[in-house]
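Report on the structure
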Amino acid sequence: MYRMRLPPWLVLLMPAFVILFAVVAIPLVLSLYSSFTAFQLTRPESITRWVGTFNYEKALGDANFWAAFGRTVLLLTVALNLEMLLGLGLALMVAKVTHGQRLLRTMMMFPMMFSPILVGFQFKFIFNDNVGLLNNALQSLGLTDVAIPWLVDGNLAFIAIVTAEVWTSTSVFAILILAGLFAIPQDPVEAARVDGCTPFQTFRYVTLPFLMPFIYIAMAIRSLDVARAYDIVQVMTAGGPARRTELLWTLIGRTGYVDARMGYANAMGYIAILLSIVFTVYFFRKLSAARTSLGMGD
Amino acid sequence: MADVVLKGVQKNFGALAVVHAIDLSIVHGEFVVLVGPSGCGKSTTLRMIAGLEDISGGTVQIGDRVVNDLPPRDRNISMVFQNYALYPHMTVRENLGFSLHIAKRPKDEIDKAVAAAAEILSLTPLLDRRPGQLSGGQRQRVAMGRAIVRHPDVFLFDEPLSNLDAKLRTQMRVEIKRLHQKVGTTIIYVTHDQVEAMTLADRIVIMRDGHIVQIGTPLDVFERPMNAFVATFIGSPPMNLLPATVHDGQLRLADETTMPVPPGISVRNGRHVQFGVRADNIMPDGHAMPPTAHMAHVDMPVTLTEPLGTETLLFGTLAGTEVQAKMLNPRPVKPGEVLRFGIALDKCHLFDAETGASLRA
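Residues numbered from 1 in each chain as written. Chains lettered and ligands numbered in written order. Predicted model: local features only at pLDDT ≥ 70, side-chain atom pairs only at ≥ 80, totals over all residues.

**Things to note about the overall build of chain B**
Heads up, the condition is: The numbering of helices and of strands both runs from the N terminus, where a helix is a DSSP run of H or I of at least 4 residues and a strand a run of E of at least 2. Whether a residue is buried, exposed or partly exposed follows from its count of other C-beta atoms within 10 Å of its own C-beta, namely 20 or more, 12 or fewer, or something in between, respectively; the C-beta atoms are built from the backbone. Contact definition: two residues whose C-beta atoms, as placed from backbone geometry, lie within 7 Å.
What chain B contains, in helices and strands, is 8 helices and 20 strands. With respect to the three principal axes, the spread of C-alpha positions in chain B is 75 × 45 × 35 Å. With 361 residues in all, chain B has 43% of them scored as buried. Sequence separation of 24 or more characterises 67% of the internal contacts of chain B that already satisfy a separation of 6 or more.

**Overview of the pairing of strand β7 (residues 154–158) of chain B**
Residues and elements named next belong to chain B. Formally: When DSSP finds two or more bridges between two strands, those strands count as paired.
Within β7, 5 of the 5 residues are buried, leaving the element largely enclosed by the surrounding structure. Side chains V154, L156 and D158 of β7 all project onto a buried face; the interleaved residues F155 and F157 project onto the opposite face, where all are buried too. Relative to β7, strand β6 (residues 77–80) runs parallel, the two sharing 4 bridges. In the sheet register, V80 faces β7, and the bridge partner there is F157. As judged from the 5 bridges shared by β7 and strand β8 (residues 186–191), these two strands associate in the parallel manner.

**Digging into the pairing of strand β18 (residues 321–328) of chain B**
The pairing of strand β17 (residues 311–318) of chain B with β18 of chain B spans 8 bridges and is classified as antiparallel. Directly across from T312 of chain B, in β18 of chain B, lies its bridge partner M327 of chain B.

**Description of the nonpolar core**
To be explicit about the condition: By convention in this section, buried Ala, Val, Leu, Ile, Met, Phe, Trp, Tyr and Cys residues joined through C-beta atoms within 7 Å make up a nonpolar core.
Core analysis: the largest hydrophobic core is formed by 168 residues, its most contacted members being I177 of chain A together with V33, L156 and I188 of chain B. Excluding anything up to four places from it in sequence, I188 of chain B contacts V4, I26, V32, L34, L46, I49, V154 and L156 of chain B.

**Details of the environment of Q138 of chain B**
Within the secondary structure, Q138 of chain B is located in helix α4 (residues 136–148). Separated by 96 residues in sequence, Q138 of chain B and K42 of chain B have C-alpha atoms that sit 26 Å apart.

**Examining unusual backbone geometry**
Residue and element names in this part refer to chain B. Cis geometry is found at the peptide bond from S236 to P237, where omega equals -5°. Relative to the helices and strands, P237 resides in the loop between α8 (228–233) and β11 (240–247). Positive phi outside glycine occurs at E256, with the angle close to 70°. With respect to the secondary-structure elements, E256 resides in the loop between β12 (250–253) and β13 (258–260).

**Brief notes about the confidence of the model for chain B**
Residue and element names in this part refer to chain B. The test is simple: The pLDDT value tells you how sure the predictor is about a given residue, anywhere from 0 up to 100.
Looking at chain B, the pLDDT average stands at 90 and 99% of residues meet or exceed 70. Taken element by element, the predicted model of chain B shows its lowest mean pLDDT in helix α5 (residues 166–183) (87) and its highest in strand β3 (residues 31–35) (95). If you check the scores for this complex, the pTM reads 0.80 and the ipTM reads 0.81.

Shown next, in the form of structure tokens:
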């Protein structure tokens with residue numbers, strides 16, 4: 001009887017190949033293919049209707065898509081910078097604490113322990129113009145007597161979303177920067193003090209350059225996070241009202257699953273992923289440059 | 001241009017006192033080395049002078065200012081650290097010029113000062129490198145250059161050579177001494193290596209357990225140690241110490257060997273002492289320095305030899321204690337061979353057996 005004999009290395013690698021194909025390769029190829037078709041979830045047979053680059057052209061010519069794209073980049077920029085500054089401040093303060101530092105470090109992680117969906121609901125309540133905590137507080141304090149439409153006005157809603165994002169994720173920066181602070185060698189810091197630096201100059205010229213690699217790692221992680229931001233926004237405003245807080249993935253999610261135009265959604269998704277890749281590459285470049293300048297190699 | 005005066009300077013870490021009220025005056029231009037075993041408080045003392053540690057008691061004066069409450073940047077000092085402490089993200093040029101840059105000096109003045117320092121320390125070809133691209137010796141030179149560009153009142157060196165290999169250490173020692181001759185600034189130098197202390201210092205300050213044990217010129221502390229600790233700490237190999245008792249003007253060692261009490265020392269009968277003799281003063285007959293007026297002789301079996309070229313170090317056992325002796329114009333010696341040794345008594349010391357204090361008046 002004839003038996004096919006596969007080489008042992010192939011047999012041993014086979015489980016890995018099978019899993020990779022099932023969970024990565026096939027979905028990837030399928031979604032890429034479908035982005036060139038008029039695939040609609042409600043009409044499965046439409047996946048065979050090849051439309052070429054029509055979906056991509058449509059996305060690139062769509063003002064809504066570009067608005068969402070721009071808003072995502074804006075959210076990324078604002079949230080990351082705020083989180084970096086707050087996280088840096090938090091880490092510097094916690095590093096000074098001698099008693100109960102462990103407890104503080106644990107508490108700093110609390111916001112990350114909640115599901116973003118729940119955080120979204122909580123902030124949706126806080127910013128609610130009618131019963132929300134914020135408006136009630138402002139009115140009780142006599143600071144205003146109008147109900148500020150936090151989640152209705154486009155700019156205010158953006159601020160509300162940024163607040164929620166920053167609240168959940170500042171600790172990513174704080175923890176990584178704190179780790180960096182612990183790793184800083186004391187000698188150069190002391191040398192700077194002897195060399196005539198004020199505490200601020202010591203921070204600016206010695207401590208901060210040592211922290212930059214840690215900051216860039218946090219930036220890289222968080223840029224991926226924010227570039228795919230969906231849950232908090234979906235819960236708080238669902239991209240509305242009237243697309244005023246629309247981000248890339250709320251738009252893509254709605255196009256794919258509500259409007260069922262999966263081919264078009266996939267095309268937008270592929271463009272959106274480019275954004276993530278660009279940011280990741282950018283921050284990793286910065287990271288490796290910062291490491292090289294510190295003589296850490298790469 | 002500054003004297004440094006320490007008056008009753010103390011350092012406590014909580015209830016633990018690591019420096020006990022030390023007094024020390026250093027005159028301008030002097031090269032003073034603080035030396036002692038690890039944990040003796042020498043680095044802490046230096047760091048208090050630098051302002052990197054708070055002073056728990058007493059005063060530190062640089063020039064005519066008490067600097068206790070001044071931050072390091074206002075003390076006009078420079079420090080060279082054990083681990084170089086260079087700024088890794090700056091080039092050699094930036095490292096050297098950093099303190100002047102912070103002081104907001106004009107750029108051409110900084111360039112001039114950096115070029116001058118680089119010239120003194122032969123760093124000119126390395127100016128555009130980063131510390132990571134330098135060898136240990138080069139990094140140490142950059143650290144020294146960083147210290148000299150600002151023309152401080154005082155240089156502080158904290159074990160600057162202990163991370164270098166033996167050959168480089170000897171080389172850098174010479175460079176530090178040369179640097180001192182060139183710039184003439186006061187230097188306070190901390191080390192645990194007595195060879196560095198002996199070779200570099202104008203005056204040596206020997207510390208132990210947070211106290212100053214003895215202050216003196218290198219020859220002073222070598223020839224007239226105030227106690228057994230200094231005697232064994234300074235000099236290589238360390239001074240041999242043999243327990244003995246005094247009977248009728250004679251020293252009696254543990255094995256009943258007797259020899260006269262070294263001249264110039266008066267000691268009462270029955271006193272328990274330690275007899276101190278350096279390897280340079282116990283040599284086998286025929287391979288020794290010309291005999292002095294006061295010689296004693298002992299027979300001693302040799303257990304081990306360390307040939308050093310011009311001389312050989314002999315290890316033997318005398319009255320139950322291991323003793324190191326020197327042999328000039330060496331010949332091969334087999335282990336077990338018994339040689340007759342001459343001891344130059346006028347160069348020997350007696351220390352109190354309990355307190356360790358020298359019995360030389």
